[in-house]
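What the coordinates show
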Amino acid sequence: MPTSVRLPSLHTLHVFETTARRLSFTRAADELHLTQAAVSRQIRQLEEALDQPLFVRLHRRVELTPVGERLAADLSQSFMQIARSVAQARGETRERLRLSVEPAFAARWLLPRLPRFVASEPQVDVEVDSTEIMRELGSETDMAIRYIEGPRRSPQRSAILIAEVAMYPVLAPSLMRPGQALRKPEDLLQFPLLHEDEDRSWQAWFRAAGLPGISIPRRMRFNDVALVLQAAANGHGIALGDDLLAADDLKAGRLIRPFDMSAPCGTYWLLGGASRSRARRMFRDWLVEQLAL
């Protein structure tokens, strides 16, 4: 490394990486056993040293800037490698965690967040099996996350309820022509309505909106809700999203929600979460924490 390159202190970089992983100055302070003021001061000093903002400060939450995202990703990998090297030097053993997750949840919610868990638990090797097939717990997978449509009903006696979700229309801002507005639910019929099933989900939402039995023309159907939401983000029509699968696109402004009206659609369950295995226990606690953000 050239001697002219001056790096921020390892402590400062660690504070930033923890804050980026937690997306919270308060939670980072708790993890690092520092005060929130100390964490804020370290982040501010790093931003001044880089002459770049790393976080966008919002009401009661923070988001990473593009520069912050890149730096956080690189630092997470670096700290993870350091932790692995130290663990190997100590002769510590590693744990394997096999996760069976449905493709839509894996792609649209878990994948963007999983590096935070991996960085926080460097001694755990995570394997994700993205499939609709229910794997055998214990022999084929350690834990599974499954969505159950309809009223709350557990897929197994020991399953842990992690989220109840409701659906609502979402669309790309580019789909709207200048001066055009969606003032009432019927206005949605001006656009192609995107489907994952037949009319069942859309009929349920229109029923909740006070329009039972409405005719739904111009359908475009996909076999996976992740494709439906991607098609909507690309401006191909209006989809039904929920607070988990559409969350990141809504936050980033790639999708907007024209109406507050929502209709209950189902629940997400964690299977294998009751195990006493350290890796499974840590993932369960991390998952619950992330879903509460």
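Residues numbered from 1 in each chain as written. Predicted model: local features only at pLDDT ≥ 70, side-chain atom pairs only at ≥ 80, totals over all residues. Heavy atoms only, no water.

Here's the deal with the overall build of the protein chain
Stated precisely, the cut-off is as follows: Each helix corresponds to a stretch of at least 4 residues labelled H or I by DSSP, and each strand to a stretch of at least 2 residues labelled E; elements are numbered beginning at the N terminus. Accessible area is worked out with a 1.4 Å probe on protein chains only. A residue is then buried under 20% of its type maximum, exposed over 50%, and partly exposed in between. Contacts are assigned to residue pairs with any non-hydrogen atoms lying within 4.5 Å of each other.
Across its full length, the protein chain holds 9 helices and 10 strands. Oriented by its inertia axes, the alpha-carbon framework of the protein chain measures out at about 70 × 50 × 30 Å. Counting every position in the protein chain, which comprises 293 residues, the buried fraction comes to 45%. Put simply, of all contacts in the protein chain between residues at least 6 apart along the chain, 73% involve residues at least 24 apart.

Considering the packing of helix α5 (residues 103-120) against helix α9 (residues 278-291)
Note the threshold: Only the stretch in contact is used when fitting a helix axis, every axis being a line fitted to C-alpha atoms; angles between N-to-C directions are given from 0 to 180 degrees. The scheme is simple: roughly parallel for angles under 35 degrees, roughly antiparallel for over 145, roughly perpendicular for 65 to 115, oblique for anything else. The handedness criterion is simple: a crossing whose near helix is rotated anticlockwise from the far helix by less than a right angle is left-handed, and one whose near helix is rotated clockwise is right-handed. Note that Gly is not counted as nonpolar here; it falls among the polar residues with everything else outside the nonpolar set of Ala, Val, Leu, Ile, Met, Phe, Trp, Tyr, Cys and Pro and the charged set of Asp, Glu, Lys and Arg.
Viewed as axis vectors pointing N to C, α5 and α9 meet at an angle of 120°, and their least axial separation amounts to 11 Å. In terms of orientation, α5 lies oblique with respect to α9. Crossing of α5 against α9: the hand is right-handed. Residue-level inspection shows Trp109, Leu110, Arg113, Leu114, Arg116 and Phe117 of α5 in contact with α9, the latter providing Ala279, Met282, Phe283, Trp286, Leu287, Gln290 and Leu291. For the contact of α5 with α9, the per-class residue count stands at 10 nonpolar, 1 polar and 2 charged.

Observations regarding the packing of aromatic side chains
What counts here: Each aromatic pair joins two rings of Phe, Tyr and Trp (for Trp, the six-membered one) with centres within 6.5 Å, and gets the label stacked for planes under 30 degrees apart, edge-to-face for over 60, and tilted for any other angle.
Here the structure, examined in full by the defined rule, presents 12 aromatic pairs. When the ring of Phe117 is compared with that of Phe283, the centres are 5.3 Å apart and the planes differ by 90°; the resulting orientation is edge-to-face. In this pair, Phe117 sits in helix α5 while Phe283 sits in helix α9, placing the two residues 166 residues apart along the sequence. Summarising the aromatic geometry, the rings of Trp205 and Phe259 are spaced 6.2 Å apart at their centres and angled 35° between planes, so their arrangement reads as tilted. With Trp205 in helix α6 (residues 200-208) and Phe259 in the loop between α8 (247-252) and β10 (263-271), the pair connects residues that are 54 residues apart, well separated along the chain. Joined through ring pairs, the aromatic side chains of Phe105, Trp109, Tyr147 and Tyr268 make up one cluster.

Topic: the packing of helix α1 (residues 10-22) against helix α3 (residues 36-50)
At a closest axis distance of 9 Å, the pairing of α1 and α3 adopts a crossing angle of 110°. The orientation of α1 with respect to α3, classified from their angle, is roughly perpendicular. Two secondary-structure elements touch here, α1 through His11, Thr12, Leu13, Val15, Phe16 and Thr19 and α3 through Val39, Gln42, Ile43 and Leu46. Of the residues that constitute the contact of α1 with α3, the class distribution is 6 nonpolar, 4 polar and no charged.

Observations regarding the UniProt feature "domain: HTH lysR-type" (unreviewed entry) in the protein chain
For clarity, the threshold we go by: UniProt positions are given in the numbering used here, feature names are shortened, and annotations may be inferred rather than shown by experiment.
Here the UniProt-annotated "domain: HTH lysR-type" (unreviewed entry) positions come out as residues 8-65. Taken end to end, residues 8-65 comprises 62% helix and 14% strand; its first and last C-alpha atoms sit 19 Å apart.

Quick word on the sheet that holds strand β4 (residues 124-130)
Short version of the rule: When DSSP finds two or more bridges between a pair of strands, those strands are recorded as paired.
Here we have 6 strands laid out as an open sheet, ordered β4-β3-β5-β10-β6-β9, and mixed in their pairing. Of all strands in the sheet, those with a lone pairing partner are β4 and β9 (239-242), marking the two edges. Neighbouring strand axes in the sheet, compared pairwise and without regard to direction, differ in orientation by 25° on average. Strand contacts of helix α7 (residues 225-233): β6 (160-170) and β9, with the helix running at about 115° to β9, the strand carrying the most contacts.

Here we look at the pattern of salt bridges
Note the following rule: Salt bridges, as used here, are contacts in which a Lys or Arg side-chain nitrogen is within 4 Å of a carboxyl oxygen on Asp or Glu.
For the coordinates displayed, the defined rule picks out 16 salt bridges. Across the pair Glu31 and Arg21 runs a salt bridge, and its minimum N-O distance is 3.1 Å. Taken together, the residues Glu31 in helix α2 (residues 25-32) and Arg21 in helix α1 connect sequence positions 10 residues apart. Overall, the relative accessible area of 29% leaves Glu31 in the partly exposed class. Ionic pairing is found between Asp249 and Arg108, a salt bridge with its closest N-O pair at 2.3 Å. In this pair, Asp249 sits in helix α8 while Arg108 sits in helix α5, placing the two residues 141 residues apart along the sequence. Residue Asp249 shares its accessibility class with Arg108, and that shared class is buried. Each of Glu17, Arg21, Arg22, Glu31 and Glu289 takes part in salt bridges that share partners, so that together they form one network.

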